[in-house]
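Below, each chain spelled out in residue letters.
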Amino acid sequence: MTDSFRALRSVPFRWYFGGQIASASGTFVQQTAIGWLVLQLTGSASALGLVLAVGGVPSLLFGPWGGTVADRFDLRRLILVTQATYGVLALILWLAAMAGHAGVPLIIAVSVAGGVIGIVDSPARQAFVSSLVPAPDLSSAVSLNGVVMNSARVVGPALAGVLIVAAGTTACFAVNAFSYLAVIAALLVIRPLTTGRRAVSHTGVADAIRYARTRQQVWLPLVMMAFVGLLAFNFAVVLPVLAKQTFHGDGGTYGLLSTMLSVGAVLGSLAVGLIKHPRRTYLVFTAFAFAAGMALTAVAPDVPVAAVTLLLTGAAAFGFATLASTAIQLHAAPEYRGRVLALWVFVYLGTTPIGSVLSGWLSGQGGPRLALLVGAAACLVAALIATRVHTPPHIDDVQAQESRSPTQS
């Protein structure tokens, strides 16, 4: 088994891996359908940005506190509750769509409720991965966890594109509702290798911020993602407008562009799995590549060229995101991991409300090409910041050197 897939030697991780693929694919089927449905109902890129933004408001306001919850409770049981609640929300949206009542207000309500659940669910799921594999396989597990989400970005939009053309958006909501059964079943049989519960102080968020500030390997990925997440990771807003208004396409066009982005995302995440210790130079390279990919997509003259540039963009974008997430998990102590990952989710997803509104406004004022160029500029700024920071050696290297020093003196 290659280094990228070595975490799959763990039985609990294999169960989790399979369940997450099904559930995450359903999530992106629904997300793609919501974007298309809202654009049909409103005809406005700005309105689409606003609707997609509301789901991130809870994380924007309260996201950092989700890690405190994740660090206090048994992660498997906590994730069972959050995933079951997601399933109920998907069921509500599906039933409403069948009755013809899936309008913008209901979509907003479901998005906000999902955002509240995500405050706890996102850091809990990321921290849970470390309890499913031996410590030497953590980097592979984090990478494969990214592959799960990015594979879902391939399967989800592609399936949604077919379903939208063949049966409409209601079928997409049904697929998502049923997909949660897979992850719930997997969680019921999983027995983690280590306990998922850790005792923390009541000043968890403040402790996490102070801890992150003392380690360049932690705060640098957080700062870079603050720029990139705000202005570059807004594909759910930009791609529907690019497909419909710039290229005058349909749901199939949107599905194709989303799929090409996601194929690149899978390739980028798998490549990261080969890197046991992500370093600053890798973050710099992928951030620069992300900027280049978005700029090339912004000037693409037609759908075939945009499909190729989005493939490159996806590889760079999610290679960067997986590298940054892996670096944080590898360098955060176990007792801080949930809270530090909550900060990561905050800068990655919690900035979505502001970023979606900005991208929607930019797309409305100057078209999606302008929004892509602004995103490219944000990636460039993040890369330039990283070139000015000198991170210390990897902690494992330092400890190994210290352990050898008495015998060498």
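Reading guide: rules and limits
- Residues numbered from 1 in each chain as written.
- Predicted model: local features only at pLDDT ≥ 70, side-chain atom pairs only at ≥ 80, totals over all residues.
- Heavy atoms only, no water.
- Helix = DSSP H or I, 4+ residues; strand = E, 2+ residues; numbered from the N terminus.
- Buried < 20%, exposed > 50% of the residue type's maximum accessible area, 1.4 Å probe, protein only.
- Contact = heavy atoms within 4.5 Å.
- Areas by Shrake-Rupley, 256 points an atom, 1.4 Å probe, with all protein chains shown as cover.
- Polar contact = N/O pair within 3.5 Å; in protein donor to acceptor, adjacent residues only side chain to side chain.
- Patch = residues over 30% accessible without salt bridge, like charges linked within 9 Å, V, L, I, M, F, W, Y side chains within 5 Å.
- Salt bridge = Lys/Arg side-chain N within 4 Å of Asp/Glu carboxyl O.
- Axes fitted to C-alpha atoms, helices over the stretch in contact; angles between N-to-C directions.
- Parallel < 35°, antiparallel > 145°, perpendicular 65-115°, else oblique.
- Left-handed = near helix turned anticlockwise from the far one by under 90°.
- Nonpolar A, V, L, I, M, F, W, Y, C, P; charged D, E, K, R; others polar.
- Phe/Tyr/Trp six-rings, centres within 6.5 Å; stacked < 30°, edge-to-face > 60°.
- Core = buried A, V, L, I, M, F, W, Y, C linked by side-chain atoms within 4.5 Å.
- Expected span 1.5 Å × (residues − 1).
- pLDDT = per-residue confidence, 0-100.

Caption draft 1: Highlighting the overall build of the protein. Each helix and strand counted, the protein has 17 helices and 0 strands in total. For the protein, buried positions account for 57% of its 409 residues. For the protein, the share of sequence-separated contacts (at least 6 apart) that also reach a separation of at least 24 residues comes to 88%. When the accessible area of the protein is evaluated, it comes to approximately 16,100 Å², of which 69% is carbon and sulfur surface.

Caption draft 2: Examining the side chain of Asn 234 more closely. Mapped onto the secondary structure, Asn 234 falls in the loop between helix H9 (216-231) and helix H10 (235-246). With a relative accessible area of 4%, Asn 234 lands in the buried category. A polar side-chain atom of Asn 234 sits 3.0 Å from a polar atom in the side chain of Ser 359. Ignoring sequence-local partners within four residues, the contact set of Asn 234 consists of Gly 229, Gly 355, Ser 356 and Ser 359.

Caption draft 3: Representation of a nonpolar patch on the surface. On the surface, a cluster of nonpolar side chains totalling about 380 Å² of accessible area is made up of Val 11, Trp 15, Leu 188 and Val 189. Among the elements of the structure, helix H1 (11-42) and helix H7 (169-189) are those that each provide at least two residues to the nonpolar patch. Secondary-structure assignment places Leu 188 in helix H7.

Caption draft 4: Main features of the packing of helix H11 (residues 251-273) against helix H13 (residues 303-331). At a closest axis distance of 6 Å, the pairing of H11 and H13 adopts a crossing angle of 40 degrees. Considering their axes alone, H11 and H13 lie oblique with respect to each other. Like other packed secondary-structure pairs, H11 and H13 cross with a definite hand, here right-handed. Split by residue class, the contact of H11 with H13 holds 15 nonpolar, 9 polar and no charged.

Caption draft 5: Looking closely at the packing of H9 against helix H12 (residues 280-298). H12 packs onto H9 with a crossing angle of 5 degrees between their chain directions and a minimal axis gap of 12 Å. Taken together, H9 and H12 sit at an angle that is classed as roughly parallel. Listed contacts from H12 to Leu 220, Pro 221, Met 224 and Val 228 of H9 are Arg 280, Leu 283, Ala 287 and Phe 290. For the contact of H9 with H12, the per-class residue count stands at 7 nonpolar, no polar and 1 charged.

Caption draft 6: Quick look at the packing of aromatic side chains. Summed over all chains, the structure comprises 8 aromatic pairs. With a centroid separation of 5.9 Å and 35 degrees between ring planes, the pair formed by Phe 13 and Phe 17 is classed as tilted. Linking Phe 13 with Phe 17, this pair stays in helix H1, spanning 4 residues, or about one helical turn. Both residues of the pair, Phe 13 and Phe 17, count as buried. Ring-pair connections join several aromatic residues into one group, and the members of that group are Phe 233, Phe 235, Phe 290 and Phe 318.

Caption draft 7: Structural detail: the nonpolar core. Grouped together as the largest cluster of nonpolar side chains are 116 residues, with contacts concentrated most on Phe 13, Met 225, Val 228, Phe 233, Phe 290 and Trp 344. Broken down by element, this core gets its largest block of residues, 12 residues, from H1. Other than its neighbours up to four places away in sequence, Phe 233 contacts Met 225, Val 228, Phe 290, Ala 317, Phe 318, Ala 321 and Tyr 348.

Caption draft 8: Focus on the pattern of salt bridges. What the rule picks out here adds up to 1 salt bridge. Asp 121 is the partner of Arg 125 in a salt bridge, and the nearest nitrogen-oxygen pair spans 2.7 Å. Of this pair, Arg 125 and Asp 121 both sit in helix H5 (residues 104-129), 4 residues apart, roughly one helical turn. The buried category is assigned to Arg 125, whose relative accessible area is 15%.

Caption draft 9: Seen up close, the environment of Arg 77. Relative to the helices and strands, Arg 77 is located in helix H4 (residues 75-98). As for Arg 77 and Leu 188, which are separated by 111 residues in sequence, their C-alpha atoms are 8.8 Å apart.

Caption draft 10: Just H12, in detail. The end-to-end C-alpha separation of H12 is 27 Å, in line with the 27 Å expected for 19 residues at 1.5 Å each. Where H12 is concerned, the buried positions are Arg 280, Leu 283, Val 284, Thr 286, Ala 287, Phe 290, Ala 291, Gly 293, Met 294, Thr 297 and Ala 298. In this structure, the buried side of H12 is in contact with H9, H10, H13 and helix H16 (368-387).

Caption draft 11: Up close: the side chain of Gln 20. As for its placement among the helices and strands, Gln 20 is situated in helix H1. Among residues more than four places away in sequence, those in contact with Gln 20 are Ser 25, Arg 125, Val 148 and Val 183.

Caption draft 12: Structural detail: the confidence of the model for the protein. Overall, the predicted model of the protein reaches an average pLDDT of 80, with 89% of residues at or above 70. In this model residues 394-409 is a low-confidence stretch, pLDDT under 50, and it forms 8 contacts with partners more than four residues away in sequence or in other chains.

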